[in-house]
Amino acid sequence: MIDHTGIVVSDLAAARRFYDAVAGALDLLTVDNGPGAFLMARSVREYPYLWIGTPRPSYWAEGSRAGLNQMHLAFAARDKAQVDAFYHAALAAGGRDNGPPGPRAGAGDYYGAFVLDPDGNNIEACCRGAAATEG
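In what follows, the accompanying structure is described. Small disclaimer: the values here were computed from a predicted structure and weren't measured. Position numbers for residues count from 1 along each chain, tracking the sequence in the order it is written. pLDDT decides what is reported in this predicted model: residues at 70 or higher carry local features, side-chain atom pairs at 80 or more are listed and counted, and totals for whole chains, interfaces and linings draw on all residues regardless. Calculation of side-chain values draws on the structure's entire complement of heavy atoms; hydrogens and water are dropped beforehand.

1. Quick look at the overall build of the protein
What counts here: What counts as a helix is a DSSP run of H or I of at least four residues, what counts as a strand is a run of E of at least two, and both are numbered from the N terminus. We compute the radius of gyration from the C-alpha atoms alone; for a globule the expected value is 2.2 Å times N to the 0.38, where N is the number of residues. Only heavy atoms matter for contacts: two residues are in contact if any of them lie within 4.5 Å across the pair.
If you tally the helices and strands in the protein, you get three helices and nine strands. On C-alpha atoms alone, the protein measures out to a radius of gyration of 15 Å, which is about the 14 Å that the 2.2 N^0.38 rule sets for 135 residues. C-alpha atoms of the protein, sized along the principal axes, occupy 45 × 30 × 30 Å. A fraction of 54% describes how many contacts in the protein between residues 6 or more apart in sequence connect residues 24 or more apart.

Right, here's the structure in full:
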């Protein structure tokens, strides 16, 4: 459904530590995308991907900056264990708790965890259906 999305960060090294940890927990990878950015994806030839970098995008409205307009991004996890691994890896890499792993009231068969990345973006990992209720 998504081709790609991107977020601007203020500290590329801190973001790289955080997203390397998150990628490892979710069986994703990160790859360099020039001197001021990197990509996070399932593979180097597969969509969707997340662009993470410090350059100011040409499409930004005047006054925009990293962390000013918080973004929410949810990664699809394989199961509850992978959601839990995402949460712990993100916290160990400098993320801040924004909702520990667990089912979400009113969301049906849904299990997710929320963390804030180093710039305050709300990053989630979740699973749905049987994967959210088993185990």
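2. Some thoughts on the sheet that holds strand E3 (residues 37-41)
Put simply, the rule is: Whether two strands pair depends on DSSP finding at least two bridges between them. Note on method: axes are straight lines fitted to C-alpha atoms, helices fitted across the in-contact stretch only, with angles between N-to-C directions ranging 0 to 180 degrees.
Across the sheet, four strands lie side by side as E1-E4-E3-E2; this open sheet has mixed pairing. Because the sheet does not close on itself, it has two edges, and the strands there are strand E1 (4-8) and strand E2 (29-32). If you compare each strand with its neighbour and ignore which way they point, the axes differ by 25 degrees on average. For E2 and E3, the ladder comprises four bridges, and the chain directions are antiparallel. Looking at the pairing, Leu29 lines up with Ala41 of E3. Each of E1, E2, E3 and strand E4 (49-53) touches helix H1 (residues 12-25); the most contacted strand, E3, lies at about 10 degrees to it.

3. Points about the pattern of salt bridges
For the record, the criterion: Every case where a carboxyl oxygen of Asp or Glu lies within 4 Å of a side-chain nitrogen of Lys or Arg is listed as a salt bridge.
Scanning all chains against the criterion turns up three salt bridges. We note a salt bridge from Asp32 to Arg16, for which the minimum N-O separation is 2.7 Å. Within this pair, whereas Asp32 is found in strand E2, its partner Arg16 is found in helix H1, the two being separated by 16 residues in sequence. Taken together, the shared-partner salt bridges connect Arg16, Asp20 and Asp32 into one network.

4. A look at the nonpolar core
This is how it is decided: Think of a nonpolar core as a cluster: buried Ala, Val, Leu, Ile, Met, Phe, Trp, Tyr and Cys residues, connected wherever their side-chain atoms sit within 4.5 Å. Relative accessibility decides the category of a residue: with a 1.4 Å probe and only protein chains considered, values under 20% of the type maximum give buried, values over 50% give exposed, and everything between is partly exposed.
One finds Tyr19, Phe75 and Phe86 to be the most contacted residues of the largest nonpolar core, which totals 30 residues. Of the residues forming this core, the biggest block, six residues, is contributed by H1. Other than its neighbours up to four places away in sequence, Phe75 contacts Val22, Leu26, Leu28, Met40, Leu50, Ile123, Glu124, Ala125 and Cys126. Ranked by size, the runner-up nonpolar core spans five residues in total, among them Val8, Leu39, Trp51 and Ala66.

5. Observations regarding the packing of aromatic side chains
We count it as follows: Each aromatic pair joins two rings of Phe, Tyr and Trp (for Trp, the six-membered one) with centres within 6.5 Å, and gets the label stacked for planes under 30 degrees apart, edge-to-face for over 60, and tilted for any other angle. Distance and angle both matter: a charge sits over a ring if NZ of Lys or CZ of Arg is within 6 Å of the ring centre and within 35 degrees of the ring normal.
As enumerated under the stated definition, the model contains two aromatic pairs in all. Aromatic side chains Tyr47 and Tyr49 sit 5.8 Å apart centroid to centroid with 45 degrees between the ring planes, which places their arrangement in the tilted category. For Arg16, the ring lying beneath its charged end belongs to Phe38, and the centroid distance is 4.7 Å. The ring of Tyr111 has Lys80 lying over it, and the distance from NZ or CZ to the ring centre is 5.3 Å.

Read these as geometric descriptors, not functional statements.
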